[in-house]
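# Observations on the three-dimensional arrangement
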Amino acid sequence: MTRRPNCFHAPGLLIAYIVLAGVTGCEPTQRSGEPTVAETETGTPPINEASGEVRSPDTAGAPAASAPLPSTDDEGPAAPAVSATSTGDPSGEAASAPPAAASADDGVAAETANQDPPPSLPDRKMFDGWESPRLVLLVTGQQHGYIEPCGCTQLANQKGGLARRHTLAKQLAARGWPLVGLDAGNQVRRYGPQAEIKFHMTLDGLKTIGYEAIVLGTDDLRLSTNELVAASVPIAGESTPFVCANAAVLDWELMPASKVIERGGVKIGVTAVVGAEWKDDVERDEVVLKDPVEGLEAVLPELAAAQCDVLVLLAHASVKEAKQLARRFPQFDVVVAAGAPSDGTDPLYQPTPVEGTDALFVQTGTKGMFAGAIGLFDDQEKPLRYQRIPLDASFEDSPEMLQLLKSYQNQLKTVGLAGLGLRPVPHPSGNKFVGSEKCGECHTEAFAVFENTPHATATDSLSNPVERAEIQRHFDPECLSCHVTGWNPQRFFPYTSGYLDLEKSAALHGNGCENCHGPGSAHVAAEEGETSADEAILKRLREAMRLPLAKAEKKCVECHDIDNSPDFYADGAYEHYLKEIEHKGLD
């Protein structure tokens, strides 16, 4: 294609409680119990045996809780005409082994305004050799509703969040680097009123940060048509940040197939696609689709006519399909893949070489824990350079994003549980919740242990949080599900007789006994003589309330996932915490 001058090329009752983990902006997949951090104890990411690529250890076993990051002193080979600098550890500690290099592709999947002077970039070896980029692309995707780390095990131990991402953008802009935000899609994961409120809040945040091209991902497209149109169709005189060459809501005319962005003297042509492999997940009467190849074949001549310096493809697709598209359309200088669940969770340290193309190919990772920075330089040898950035606690919270998060929680409060479409449903056992204090009337020693655990004050941590104290979260179902008694911990809905209100449900504060043992109404009624029960019935009801050790750990990870409770996955951690909360049944 024609390029402009200076172009770039491209036995007994036992509650297995550990440390309470709730969810602010969390989704069911977060509580999978699967690790999602990329670093191992040796500092070298493991290799995916199927593809030979460097992969995060979500498929290689749980990492140590405080594993150091790889050294940045030795970069390893990268894709043609691309420089890759890997990130350092926030503590400044580095492992002796350099990051492993990504293998050659084999086709198999595996200027934001500164209101206040921002703090300097973290003291780590990042952006090495990036003295004068003409432009920086900030690339993200697959946020999946994780608008902020939940903070259950302290924010210092967790990555991600719009507040940190905005601070990063401010810091880059403060260096005088022109910045353009690009997102490969999936701001939410669930659907319904809460997901729609979160989607609009996220969009406001992305616009504030400086995003100019966003894809509607497969999960975003499950939201109601009215909400999608309201968010994506621009008001007269404005432009929409959404772009896609092969998917649109209602009508093709409502969705730009491409965008040309000029910044820092550079003309960037951006288009996007939703992967063909997700056609069945996306297609409905209100969503119009075409094959990604067909969409790109139609849009590339338009971008060629615009004489862009750099062409970018945002592929809301698996790594495998995104690579196929990169080979099919080698005109693209940058290809950003959102990735699929099978592709792992964290982005690689370095761009992945894709056979048959010089494109810089990167993956976004999931849950908003990382951002990628792609620098464009007047350098014929290395015109494109990539930096993976973990959004850890070294990035301070942006006040603007915190205000947005507070507004989000206030909206949930105003709408209420009923307005969010949540109606209590009967517990599968048919029983009702009675509250932990009722349990303690007979199980006094066990209750005394419970009262001295963080589970007893779990609800207080929502209504009176220690960190980000100005933002209360006790109206948020995604938090309540693990911070109160009587909710489904992974589906975010209350059971009949479960917690509903801070004042009216005082007996159900905390992550109580019945969350692990089950609602106790039948057991209590039988023991107190409210119902007729012989010894056989009493024995059966008592047995039903027991939680065998063999099943305890599975119950724990419904809330204690790798993101919220990383220490839980260290060697011997489960047994350690079990001893701290171990208690027997009747005194």
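No experiment lies behind these values; they were computed from the predicted model shown.

An α-helix turns once every 3.6 residues. As a result, residues three or four positions apart point the same way. The end-to-end C-alpha separation of helix α5 (residues 292-305) is 20 Å, in line with the 20 Å expected for 14 residues at 1.5 Å each. If you look at α5, its biggest bend is around 25°, right at Val299, and the proline Pro301 turns up within four residues after that. Every buried residue belonging to α5 is among Pro292, Val293, Gly295, Leu296, Val299, Leu300 and Leu303, and all of these are buried. Where the residues of α5 are buried, they touch β6 (258-263), β7 (266-274), β9 (310-316) and α6 (319-328). The distance from a side-chain oxygen at the start of α5 to the backbone nitrogen of Val293 is 2.9 Å, and the residue carrying that oxygen is Asp291.

It is worth spelling out the nonpolar core at this point. Ranked by size, the top nonpolar core spans 88 residues in total, and within it Leu137, Leu182, Ile268, Val312, Leu314 and Ile374 carry the most contacts. Sequence-distant contacts of Val312, defined by excluding residues within four places in its chain, comprise Leu137, Leu182, Ile268, Gly269, Val270, Thr271, Phe332 and Val334. Of all hydrophobic cores here, the second largest spans 24 residues; its members include Leu311, Leu313, Ala315 and Ala326.

Direction of pairing for β6 relative to β7: antiparallel, over a ladder of 6 bridges. When the sheet's bridge partners are listed, Ser258 is paired in β7 with Thr271. Hairpin connection from β6 to β7: 2 residues lie between these consecutive antiparallel strands, with Gly264 at a positive phi of about 60°.

On inspection of all chains with the given rule, the structure shows 17 salt bridges. With its nearest N and O atoms 2.9 Å apart, the salt bridge here joins Arg546 to Glu543. With relative accessibility at 36%, the residue Arg546 sits in the partly exposed group. Overall, the relative accessible area of 43% leaves Glu543 in the partly exposed class. Put simply, Glu148, Asp397, Arg468 and Arg473 are held in one network by salt bridges that share partners.

Take Leu462: it is sitting in helix α10 (residues 460-463). The buried category is assigned to Leu462, whose relative accessible area is 4%. Distance in space between the C-alpha atoms of Leu462 and Cys479 is 7.7 Å, their sequence separation being 17 residues. Every residue in contact with Leu462, bar those within four places of it in the chain, is listed here: Gln472, Arg473, His474, Cys479, Leu480 and His483.

On to the sheet that holds β9. Taking strand neighbours across the sheet as the criterion, the 5 strands line up as β6-β7-β9-β10-β11 in an open arrangement whose pairing is mixed. A strand with exactly one partner marks an edge of an open sheet, and here the two such strands are β6 and β11 (360-363). On average, adjacent strands in this sheet sit at an angle of 20° to one another, irrespective of strand direction. Across 4 bridges, the pairing between β9 and strand β10 (residues 334-337) is parallel. Counted as the bridge partner of Val312 is Val334 from β10. Sitting on the sheet, α5 is in contact with β6, β7 and β9, with an inclination near 165° to β7. Packing against the sheet, α6 makes contact with β7, β9, β10 and β11, and its axis sits at approximately 165° to β11.

On to the confidence of the model for the protein chain, then. Put simply, the protein chain has an average pLDDT of 80, and 78% of its residues get 70 or more. Predicted confidence is poor over residues 1-123, with pLDDT under 50, and the contacts of this stretch with residues over four places away or in other chains come to 395 contacts.

With that settled, the discussion passes to the pairing of strand β12 (residues 370-376). Burial analysis of β12 places 7 of its 7 residues in the buried class, the great majority of the element. By the alternation rule, side chains of β12 split into Phe370, Gly372, Ile374 and Leu376 and Ala371, Ala373 and Gly375, which are all buried. Here strand β2 (residues 135-140) pairs with β12 via 5 bridges, running antiparallel. Bridging from a neighbouring strand, Val136 pairs with Gly375 of β12. Across 7 bridges, β12 lies against strand β13 (residues 384-390) in antiparallel orientation. Note that in β13 the partner of Ala371 across the bridge is Ile389.

Once that is clear, we can look at the environment of Ala272. With respect to the helices and strands, Ala272 occurs in strand β7. Sequence separation between Ala272 and Pro292 is 20 residues, and the spatial gap between their C-alpha atoms is 8.8 Å. The contact partners of Ala272, leaving out residues within four places of it in the chain, are Val215, Val243, Cys244, Ala245, Asn246, Ala257, Leu313 and Leu314.

Reading the values: rules and limits
- Throughout, a residue's number is its position along its own chain's written sequence, starting from 1.
- Thresholds applied to this predicted model are a pLDDT of at least 70 for local features of residues and 80 or more for the giving and counting of side-chain atom pairs; totals over whole chains, interfaces and linings are not thresholded and use all residues.
- The basis for every side-chain value is the complete set of heavy atoms in the structure, and neither hydrogens nor water enter the calculation.
- We count a stretch as a helix when DSSP gives it H or I for four or more residues in a row; a strand needs E for two or more, and each element gets its number in order from the N terminus.
- A helix is expected to reach a length of 1.5 Å times the quantity of its residues less one.
- The bend at a residue is defined as the angle formed between two axes, one fitted to the seven residues ending at that residue and one fitted to the seven starting there.
- Summary of the burial criterion: residues with accessible area below 20% of their type's maximum are buried, those above 50% are exposed, and those between are partly exposed, where the area comes from a 1.4 Å probe applied to protein chains only.
- Contacts: residue pairs with any heavy atoms within 4.5 Å of one another.
- Whenever two N or O atoms come within 3.5 Å, that pair is a polar contact, provided that in protein one can donate a hydrogen and the other can accept it, and provided that, for residues adjacent in sequence, both atoms are side-chain atoms.
- Each nonpolar core is a collection of buried residues, namely Ala, Val, Leu, Ile, Met, Phe, Trp, Tyr and Cys, held together in the definition by side-chain atoms within 4.5 Å.
- Pairing between two strands requires that DSSP report at least two bridges joining them.
- Counted as salt bridges are all cases of a side-chain nitrogen of Lys or Arg within 4 Å of a carboxyl oxygen of Asp or Glu.
- Here the axes come from fitting lines to C-alpha atoms, over the contacting stretch only for helices, and the angles between their N-to-C directions go from 0 to 180 degrees.
- The predictor reports its confidence for every residue as pLDDT, a score running from 0 up to 100.

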